[in-house]
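# Summary of structural features
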Amino acid sequence: MSPPVAPPGWSRWLVPPAALSVHLSIGQAYAWSVFKPPLESALGLSGTQSALPFQLGIVMLGLSAAFGGTLVERKGPRWAMTVALVCFSSGFLLSALGASLEQYWLIVFGYGFVGGIGLGIGYISPVSTLIKWFPDRPGMATGIAIMGFGGGALIASPWSAQMLESFGGDSSGIALAFLVHGLSYAVFMLLGVLLVRVPPRERSVESGPSVLAGPQVSADRAIRTPQFWCLWIVLCMNVTAGIGILEKAAPMITDFFADTSTPVSVTAAAGFVALLSAANMAGRIGWSSTSDLIGRKNIYRVYLGVGALMYALIALFGDSSKPLFVLCALVILSFYGGGFATVPAYLKDLFGTYQVGAIHGRLLTAWSTAGVLGPLIVNWIADRQEEAGRHGASLYGLSFVIMIGLLVVGFVANELVRPVDPRHHVPAPKEAAHAERQQSESA
């Protein structure tokens, strides 16, 4: 399956909505914390166990993006979006069956493994296409689409909470909520499959650079450069710090203020998750667009340096001020989202557009690693602190100190990024011939 080439006069601004329909759907992953408490209650799970479907989903996101990146480049965005639709929706349907039968392993397999493949293929499906349509504003273009992944929980969090309230928080209610999710997202993602187009051959953007302007590096060569691995560390550290809060957002804010005169209700905790999603979404378009003005390295200095400061403020004063806790968490999540949206443009600056989709897919293995590290650090430490008789904000103090250290490591790695050595560049004639062949295969 290959996408139709856009006819003359077709607006490139129709591509971001196609990407958004997929990213808003798979962005439901960020609302997983809404399902954690009912799953723990219905199936007798610990916090660490209830995080497993989310963790495996993020692992599979990175692995499927890494191994499928070149295939996505070759077969095009329509094929990739179709695969994402089938896997992501099937994951929910399998999870619904698992919840109905009270077989947690089936939820882990469905949501985490099968759905995670849909996450990875769906996530990278529009990136290369968007950069080719918008070579003049790559940060803004990828930010528009990828903000959908961050904003998915803005819809899914209150929607999931309402369904659980209506259907019930037992295993049958959870199963029905999963079923509705799977069917609804299949319909919505289909819109993107039908709408997406690729730019015509040799298309140029008025007053903008050529798609293949500047140095170009293949995916195989890119992973042999220190620049790739510095960016891998940058992304991994930034994601670990953000995902640690995001995966446990609802129970975390409840724990922080459980012993105060103004405890946080279940509904308010779900609202907090939605606010984090809004910050995640806004950061993806706002900060990535800013990177077009101030540069990628400078914007990552903000993400990592200021992010460490926000974690320090929460660790020191978060339990004494609800507004401060919420504000710092929102800033951290805006940086988390901005890091995701900016990294494709950072890769384009360093390696060109030649195989940027495949390079991006390989880089997302950093997300897989962070998807394990972040929730594991926060959940494991919280579980151990609870066993030791601690409660409230003290469950998370050590986790936040670790996150600060990881952000500092990421800051140093970003400082080490330099232009790619010319020996890694693809010769122009070879590049042009390969690009021509890829266009012919996908047309």
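None of these values were measured; they are calculated from a predicted model. (Residues numbered from 1 in each chain as written. Predicted model: local features only at pLDDT ≥ 70, side-chain atom pairs only at ≥ 80, totals over all residues. Heavy atoms only, no water.)

## Some thoughts on the overall build of the protein chain
Within the protein chain, the regular secondary structure consists of 19 helices and 0 strands. Against the compact-globule benchmark of 22 Å for 443 residues, the protein chain has a radius of gyration of 21 Å, which places it among compact chains. Its C-alpha atoms put the protein chain at 65 × 45 × 35 Å along the principal axes. A buried classification covers 58% of the 443 residues belonging to the protein chain. Relative to all contacts within the protein chain whose residues are 6 or more apart in sequence, the contacts with residues 24 or more apart total 85%. Element-wise, carbon and sulfur atoms account for 67% of the exposed surface of the protein chain, whose accessible area totals about 16,100 Å². Computed over 26 positive and 23 negative side-chain charges, the separation of the two mean positions in the protein chain equals 11 Å. (Helix = DSSP H or I, 4+ residues; strand = E, 2+ residues; numbered from the N terminus. Rg over C-alpha atoms; globule rule 2.2 N^0.38 Å. Buried < 20%, exposed > 50% of the residue type's maximum accessible area, 1.4 Å probe, protein only. Contact = heavy atoms within 4.5 Å. Areas by Shrake-Rupley, 256 points an atom, 1.4 Å probe, with all protein chains shown as cover. Lys, Arg positive; Asp, Glu negative; His and termini not counted. Charge placed at Lys NZ, Arg CZ, Asp CG, Glu CD.)

## Section: the layout of surface pockets
The volume enclosed by the second largest pocket comes to roughly 440 Å³. Lining the second largest pocket we find 21 residues, and of these Val 34, Ala 161, Val 266, Thr 267 and Ala 270 sit closest to its centre. Elements supplying a minimum of two residues to the lining of the second largest pocket: α2 (36–43), α8 (138–167), α12 (249–256) and α13 (266–294). The residue inventory of the lining of the second largest pocket, partitioned by class, reads 12 nonpolar, 7 polar and 2 charged. (1 Å grid on protein atoms, 1.4 Å probe; cavity = no way out; pocket = protein on both sides within 12 Å on 5 of 7 lines; lining within 4 Å. Points joined across faces, edges and corners; volume = space filled by probe spheres on them. Nonpolar A, V, L, I, M, F, W, Y, C, P; charged D, E, K, R; others polar.)

## Observations concerning the environment of Lys 348
Mapped onto the elements, Lys 348 comes out in helix α15 (residues 322–351). For the pair formed by Lys 348 and Ile 131, sequence separation is 217 residues and the distance between their alpha carbons is 8.3 Å. What Lys 348 contacts, discounting residues up to four positions off in sequence, is Ile 131, Pro 135, Pro 138, Thr 353 and Val 356.

## Digging into the packing of aromatic side chains
The final tally for this structure, using the stated rule, is 33 aromatic pairs. A ring pair is formed by Trp 159 and Tyr 185, whose centres lie 5.8 Å apart and whose planes are at 85°; its orientation type is edge-to-face. In this pair, Trp 159 sits in helix α8 while Tyr 185 sits in helix α9 (residues 171–195), placing the two residues 26 residues apart along the sequence. Ring plane angle 45° and centroid distance 4.1 Å describe the contact between Phe 340 and Trp 367, whose orientation is recorded as tilted. Remark: Trp 367 occurs in helix α17 (residues 365–387) and Phe 340 occurs in helix α15; sequence separation between them is 27 residues. For Trp 367, a relative accessible area of 0% puts it in the buried group. Through a chain of ring-to-ring contacts, three or more aromatic side chains come together here, namely Trp 32, Phe 35, Phe 88, Phe 92, Tyr 111, Trp 159, Phe 178 and Tyr 185. One cation-aromatic arrangement involves Lys 322 over Phe 257; the distance from NZ or CZ to the ring centre is 5.4 Å. (Phe/Tyr/Trp six-rings, centres within 6.5 Å; stacked < 30°, edge-to-face > 60°. Lys NZ or Arg CZ within 6 Å of the ring centre and 35° of its normal.)

## Let's talk about the pattern of salt bridges
Following the criterion strictly, the structure yields 9 salt bridges and no others. When the shortest N-O distance is used, the salt bridge between Asp 136 and Arg 12 registers 3.1 Å. One end of the pair, Asp 136, is in the loop between α7 (127–133) and α8; the other, Arg 12, is in the segment before α1 (15–26), with 124 residues separating them in the sequence. Judged by relative accessible area, Asp 136 falls into the partly exposed class, the value being 25%. The partner of Arg 362 in a salt bridge is Asp 220, and the shortest N-O contact between them spans 3.8 Å. Here the residue Arg 362 occupies a position in helix α16 (residues 356–363), and Asp 220 occupies one in helix α10 (residues 219–222), the gap between them amounting to 142 residues. Connected via shared salt-bridge partners are Arg 12, Asp 136 and Arg 137. (Salt bridge = Lys/Arg side-chain N within 4 Å of Asp/Glu carboxyl O.)

## Here's the deal with the confidence of the model for the protein chain
The pLDDT averaged across the protein chain works out to 86; a share of 92% of its residues lies at or above 70. A low-confidence stretch, residues 439–443 stays under pLDDT 50, and its non-local contacts, those more than four residues away or across chains, total 9 contacts. (pLDDT = per-residue confidence, 0-100.)

## What about α17?
Spanning 23 residues, α17 covers 33 Å between terminal C-alpha atoms, matching the ideal 33 Å at 1.5 Å per step. At Leu 376, α17 is bent by approximately 25°, the largest bend along its length. (Expected span 1.5 Å × (residues − 1). Bend = angle between axes of the 7 residues up to and from the residue.)

## Things to note about the environment of Ala 141
You can see Ala 141 is positioned in helix α8. Taking C-alpha positions, Ala 141 is 8.8 Å from Ser 288, a pair spaced 147 residues apart along the chain. Setting aside anything within four residues of it in sequence, one finds Ala 141 in contact with Leu 130 and Phe 134.

## Points about a nonpolar patch on the surface
A cluster of nonpolar residues, Leu 93, Phe 167, Leu 176, Leu 179 and Leu 183, forms a patch on the protein surface that exposes about 400 Å² of accessible area. The element that contributes the greatest number of residues to the nonpolar patch is α9, accounting for 3 residues. Along the chain, Leu 176 falls in helix α9. Take Leu 176: its relative accessible area is 37%, and that puts it in the partly exposed class. (Patch = residues over 30% accessible without salt bridge, like charges linked within 9 Å, V, L, I, M, F, W, Y side chains within 5 Å.)

## Details of the packing of helix α14 (residues 296–317) against helix α18 (residues 397–415)
It is the contact of α14 with α18, at a shortest axis distance of 9 Å, that shows an interaxial angle of 165°. Judged by the angle between their axes, α14 and α18 are roughly antiparallel. Where α14 crosses over α18, the handedness of that crossing is left-handed. Between α14 and α18, the residues in contact are Lys 297, Tyr 300, Arg 301, Leu 304, Gly 305, Gly 307, Ala 308, Tyr 311, Ala 312, Ile 314 and Ala 315 and Phe 400, Met 403, Ile 404, Leu 407, Gly 410, Phe 411, Asn 414 and Glu 415, respectively. For the contact of α14 with α18, a count of residues per class yields 12 nonpolar, 4 polar and 3 charged. (Axes fitted to C-alpha atoms, helices over the stretch in contact; angles between N-to-C directions. Parallel < 35°, antiparallel > 145°, perpendicular 65-115°, else oblique. Left-handed = near helix turned anticlockwise from the far one by under 90°.)

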